[in-house]
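Here is what each chain is made of, one letter per residue.
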Amino acid sequence: MSQRLNEKTITELAPLLESKDVSPVDVARDVFDQIEALNDEVNAFISVTKEKALQQARLAEKEIQEGRYRGPLHGIPMAIKDNIYIADEPTTMGSKIHQDFIPTDNATVVDQLEKAGVVFTGKLNLHEYAWGATNNNPHFGPCRNPWDIERISGGSSGGSGVSTATDMTIATLGTDTGGSIRIPSSFCGITGLKPTHGLVSKFGAFPLAWSLDHIGPMTKNAKDAAYVLEAIARHNPKDPTSVRVHSTCYSNELTGSIKGVKIGINEDYFFHNVDSDVEKTVRQALSSLEKEGAVVEIVKIPALAYAEFAELITIITEASAIHHDNLIEREEDFGDDVRFLLKLGEIPSGVDYLQAQQIRLQLNRQFNELFKHVDVFISPTLPILPPKIGQDIVSLNGTDVGFLDHIIRFTGPFNLTGLPALSVPCGFARDLPVGMQIVGPPFQEARLLNVAHALEQIHPEFRQTPTGIGQVL
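These numbers were taken from a predicted model, which means no experiment stands behind them. (Residues numbered from 1 in each chain as written. Predicted model: local features only at pLDDT ≥ 70, side-chain atom pairs only at ≥ 80, totals over all residues. Heavy atoms only, no water.)

Describing the overall build of the protein chain
Move 1: Each helix and strand in the protein chain was counted, giving 14 helices and 15 strands.
Move 2: Against the globule reference of 23 Å for 473 residues, the protein chain gives a C-alpha radius of gyration of 21 Å, in line with a compact fold.
Move 3: Each principal axis of the C-alpha distribution contributes one length, and for the protein chain these read about 60 × 60 × 45 Å.
Move 4: For the protein chain, with 473 residues in total, the buried portion stands at 62%.
Move 5: Within the protein chain, residue pairs in contact and separated by at least 24 positions form 75% of the contacts whose partners lie at least 6 positions apart.
Move 6: Accessible surface computed for the protein chain: about 17,700 Å², of which carbon and sulfur atoms make up 50%.
Move 7: Side-chain charges in the protein chain split into 41 positive and 60 negative, and the spacing between the mean points of these groups amounts to 4 Å. (Helix = DSSP H or I, 4+ residues; strand = E, 2+ residues; numbered from the N terminus. Rg over C-alpha atoms; globule rule 2.2 N^0.38 Å. Buried < 20%, exposed > 50% of the residue type's maximum accessible area, 1.4 Å probe, protein only. Contact = heavy atoms within 4.5 Å. Areas by Shrake-Rupley, 256 points an atom, 1.4 Å probe, with all protein chains shown as cover. Lys, Arg positive; Asp, Glu negative; His and termini not counted. Charge placed at Lys NZ, Arg CZ, Asp CG, Glu CD.)

What follows is the structure, encoded as structure tokens:
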């Protein structure tokens, strides 16, 4: 059976669209066929904008036919997480309070994708206000893992992970405050990149925690992530955290060669208390990189011992400050879990918050020193596999532990430091995908993407279509 257009990557579609061998309208129609066939089962979309998208696809087709090809994203269908603003379209934040909110302006990233010629197909499910890691949304329903629909997708960008894994979108964006790009990417078996803090403007995305928030690509492979990052990595003075850096053609730097690349791993924190099958899978992938000429070195990062405290205090206090007024005036309109976290965030003192920021500084200094000696740092993306929907206690090597106590243990440190961090599929454990986390120095996204690209070339079998749901025939 021939591959349908929605099953292809940006890398595969772009030359077909540029050469006019494929129409953006046909790509969009295949995407909508897949949405109609699968979304009821996995609940990835909050809204679908089919007619508007088909109009955009027809315009893209006309521009390409007339020789006005804009680049690799021209005519590519993309759905957007529903806390990122598209002007004049409902943007719910996955909440009851903002269920009727309609922004008047695009987010910066939407403007950039629009300039690149992207076709916008709808808005994606997320954990309420992006404040959670399960995507069990009380207002719009849970987003279901396509490898096993009884399990969570991971969050908060669950709809982004599920829609990309199931070919209901060619690519998408996620937001990441404690791991919300990398968690669903790992659980759903796709590639997700949290760029360096400030590289991608957050203007027009509803905040969770100002100093920790990021926006980045969630895609079917590393080269697709490079293409999306090239489009969205732009400075915007309206975002006070936005950084002006030279634009980079990331896709041109993906050689796949990793000979001599120095990889740092930390045994004490990142390979401690990890599901044994997850650990085995990640170590096997590391071994594959070594066989291609990479060099693995064990490193120490003492401040990691305090990273969980610093991440928790920072995220809960900043989130509670953002929602303070609504927590007073509309408490019952929050879901139970988010309400609890927002109340929790009112408790820490100013001393607690400032101590957390001192830990951030220590962590940054130690990672900056580390990257003088190694090129990238690698760990499991997550220490556990996705639990069943509604399951708060999980078994970790035979011991019952709290899911929330472990879910951002490996991802959170890189929101604190703002370092670029990427999750790439590295194999399977108990028939569920496992992610490898690759971290690098500030603004060295190309380095991470190249290591991920190398792993994809060595093991193309790591990118598979989920088997937990039906497929369009």
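Structural notes on helix α14 (residues 445-458)
Move 1: Given a rise of 1.5 Å per residue, 14 residues ought to cover 20 Å, and the 20 Å separating the end C-alpha atoms of α14 matches this to within 8%.
Move 2: Extensive coverage of α14 is indicated by the burial of 11 of its 14 residues.
Move 3: Listed in full, the buried residues belonging to α14 are Glu-445, Ala-446, Leu-448, Leu-449, Asn-450, Val-451, Ala-452, His-453, Ala-454, Leu-455 and Glu-456.
Move 4: Those residues of α14 that are buried are in contact with β7 (191-194), α7 (222-232), α9 (276-291), β11 (376-380), β14 (421-429) and β15 (432-439). (Expected span 1.5 Å × (residues − 1).)

Digging into the packing of aromatic side chains
Geometry of an aromatic ring pair is reported as the spacing of the ring centres plus the angle between the planes.
Move 1: In this structure the tally under the stated criterion is 13 aromatic pairs.
Move 2: Note on Tyr-269 and Phe-410: the rings are 6.1 Å apart at their centroids and 55° apart in plane angle, and the pair reads as tilted. Taken together, the positions of Tyr-269 in helix α8 (residues 267-270) and Phe-410 in the loop between β13 (399-402) and α13 (413-417) put the pair 141 residues apart, joining distant regions of the chain.
Move 3: For Tyr-269, a relative accessible area of 11% gives the class buried.
Move 4: A connected cluster of aromatic rings, assembled from ring pairs, spans Tyr-269, Phe-270, Phe-367, Phe-371, Phe-377, Phe-410 and Phe-414. (Phe/Tyr/Trp six-rings, centres within 6.5 Å; stacked < 30°, edge-to-face > 60°.)

Some words on the pattern of salt bridges
Move 1: Applying the stated criterion to the full structure yields 23 salt bridges.
Move 2: Here Lys-220 ties to Asp-167 by a salt bridge, and the two come within 2.8 Å at their closest N and O atoms. Placement of the pair is Lys-220 in the loop between β8 (214-219) and α7 and Asp-167 in the loop between α5 (158-165) and β6 (171-176), with a sequence separation of 53 residues.
Move 3: Take Lys-220: its relative accessible area is 3%, and that puts it in the buried class.
Move 4: Across the salt bridge formed by Asp-336 and Arg-339, the nearest N and O atoms sit 3.0 Å from each other. Pair noted here: Asp-336 and Arg-339 are both in helix α11 (residues 336-344), with a separation of 3 residues, about one helical turn. (Salt bridge = Lys/Arg side-chain N within 4 Å of Asp/Glu carboxyl O.)

Some thoughts on α5
Move 1: Burial within α5 is extensive, with 8 of its 8 residues counted as buried.
Move 2: For α5, every residue scored as buried is listed here: Gly-158, Gly-159, Ser-160, Gly-161, Val-162, Ser-163, Thr-164 and Ala-165.

Section: unusual backbone geometry
Move 1: The omega angle of the peptide bond from Gly-155 to Ser-156 is 10°, so this bond is cis rather than trans.
Move 2: You can see Ser-156 is positioned in the loop between β5 (141-142) and α5.
Move 3: Phi angles above zero are rare outside glycine, and Asn-43 is one such case at about 60°.
Move 4: Within the secondary structure, Asn-43 is located in the loop between α2 (24-42) and β1 (45-48).
Move 5: Its identity is not glycine, yet Asn-135 carries a phi of approximately 65°, on the positive side.
Move 6: Residue position: Asn-135 is located in the loop between β3 (119-124) and β4 (136-137).
Move 7: What makes Asn-135 buried here is its relative accessible area of 0%.

Overview of the sheet that holds strand β9 (residues 262-265)
Move 1: The mixed open sheet is built from 11 strands, whose spatial order is β1-β3-β2-β6-β8-β7-β14-β15-β11-β9-β10. Only two strands of the sheet have a single partner each, and these edge strands are β1 and β10 (295-298). For this sheet, the mean angle separating the axes of adjacent strands, direction not counted, is 30°.
Move 2: With 3 bridges joining them, strand β2 (residues 77-81) and β6 adopt parallel strand pairing. Directly across from Met-78, in β6, lies its bridge partner Ala-171. (Pairing = 2+ DSSP bridges. Axes fitted to C-alpha atoms, helices over the stretch in contact; angles between N-to-C directions.)

Observations concerning the environment of Ile-232
Move 1: Summarising the element assignment, Ile-232 is placed in helix α7.
Move 2: Here Ile-232 falls in the buried class, since its relative accessible area comes to 0%.
Move 3: Sequence spacing of Ile-232 and Lys-115 is 117 residues, and the spatial spacing of their C-alpha atoms is 10.0 Å.
Move 4: Setting aside chain neighbours within four positions, we find Ile-232 in contact with Val-109, Gln-112, Leu-113, Leu-173, Val-200, Gly-216 and Pro-217.

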